[in-house]
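Report on the structure
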Amino acid sequence: MNSEGSKPRYVLPTESMVSTVAVAAVDRTLLPEHQRICSLCHDPQSIAQIADKLAVPLGVTRILVADLAEQGLVTIDPPLTATDEAQLPRLRKEP
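What counts and what doesn't
Residue numbers here run from 1 along each chain, matching the order of that chain's written sequence. The predicted nature of this model means local features are confined to residues of pLDDT at least 70 and side-chain atom pairs, given and counted, to a pLDDT of 80 or more, with totals for whole chains, interfaces and linings taken over all residues. Values reported for side chains reflect all heavy atoms of the structure, with hydrogen atoms and water molecules removed beforehand. To qualify as a helix, a DSSP run of H or I must reach at least 4 residues; to qualify as a strand, a run of E must reach at least 2; elements of each kind are numbered from the N terminus. Categorising residues by exposure relies on relative accessible area from a 1.4 Å probe, with only protein chains included: less than 20% of the type maximum marks a residue as buried, more than 50% marks it as exposed, and the intermediate range marks it as partly exposed. Note on contacts: a residue pair qualifies if any of its non-hydrogen atoms lie within 4.5 Å across the two residues. Exposure was quantified through the Shrake-Rupley algorithm and a 1.4 Å probe, taking into account, for residues, occlusion by the shown protein chains and nothing else. What makes a nonpolar core is a set of buried Ala, Val, Leu, Ile, Met, Phe, Trp, Tyr and Cys residues whose side-chain atoms join them at distances within 4.5 Å. Axis angles are defined between N-to-C directions and span 0 to 180 degrees, where every axis is a line fitted to C-alpha atoms and, for a helix, only to the segment in contact. These descriptions rest on fixed angle ranges, namely under 35 degrees for roughly parallel, over 145 for roughly antiparallel, 65 to 115 for roughly perpendicular, and the rest for oblique. Residue polarity is assigned by list, with Asp, Glu, Lys and Arg as charged and Ala, Val, Leu, Ile, Met, Phe, Trp, Tyr, Cys and Pro as nonpolar; anything else, Gly included, falls into the polar class. Paired strands, in this sense, are two strands between which DSSP finds at least two bridges.

Helices and strands together make up the secondary structure of the protein chain, namely four helices and three strands. Secondary structure of the protein chain in N-to-C order comes out as β-α-β-α-α-β-α. Within the protein chain, buried positions represent 31% of all 95 residues. Considering only residue pairs separated by 6 or more positions, the protein chain has 67% of its internal contacts joining residues 24 or more positions apart. Surface summary for the protein chain: the accessible area is close to 6200 Å², and the carbon and sulfur share equals 55%.

Membership of the largest hydrophobic core comes to 17 residues, with the highest contact counts inside it found for Val18, Ile37, Cys41, Ile50, Val65, Leu68 and Val74. Those elements that place two or more of their residues in this core are helix H1 (32–40), helix H2 (47–54) and helix H3 (58–70). When residues in this core are grouped by element, the largest group, five residues, is from H3. Not counting residues within four places of it along the chain, the set of residues in contact with Val74 comprises Val18, Ser19, Thr20, Val21, Val65, Leu68 and Ala69.

Remark: H1 packs on H3, axes separated minimally by 10 Å, with the N-to-C direction vectors making an angle of 80°. Relative to H3, H1 is oriented roughly perpendicular. Across the interface between the two elements, Glu33, His34, Ile37 and Cys38 from H1 touch Leu64, Val65, Asp67 and Leu68 from H3. The residue inventory of the contact of H1 with H3, partitioned by class, reads five nonpolar, one polar and two charged.

All right, on to the environment of Ala48 then. By the secondary structure assignment, Ala48 is in helix H2. Sequence-wise, Ala48 and Arg62 are 14 residues apart; in three dimensions their C-alpha atoms are separated by 9.3 Å. Dropping the residues within four chain positions of it, Ala48 is found in contact with Thr14 and Leu58.

Ordered by their spatial adjacency, three strands build an open sheet running S2-S1-S3, and the pairing between neighbours is antiparallel. Every interior strand has two partners, whereas the edge strands, strand S2 (45–46) and strand S3 (74–77), have only one. As paired elements, strand S1 (residues 17–20) and S3 share four bridges and run antiparallel to each other. Each bridged residue has a counterpart across the sheet, and for Thr20 the counterpart in S3 is Val74. Contacting S1 and S3, H3 crosses the sheet at an angle of about 115° to S3.

Now the structure itself:
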């Protein structure tokens, strides 16, 4: 757990996408919950998806993910904003 025990240092909306960093896959010193998150997030997962798959409350999931992020074992991508989504068609290549 983080040093405060209950308050993550990250603001994690439920739509934030979490991805495992390669080194986390071999870290057997992690708590079982942390190991499971690292395993789940080889393919990016949202905070909500992680909570559902772990069957734990969103608040607990946010804390666990923040712990992993503080250790550099996962990356967190914030959800797209309306402005980001409006720019997506311009970023995609036309066939």
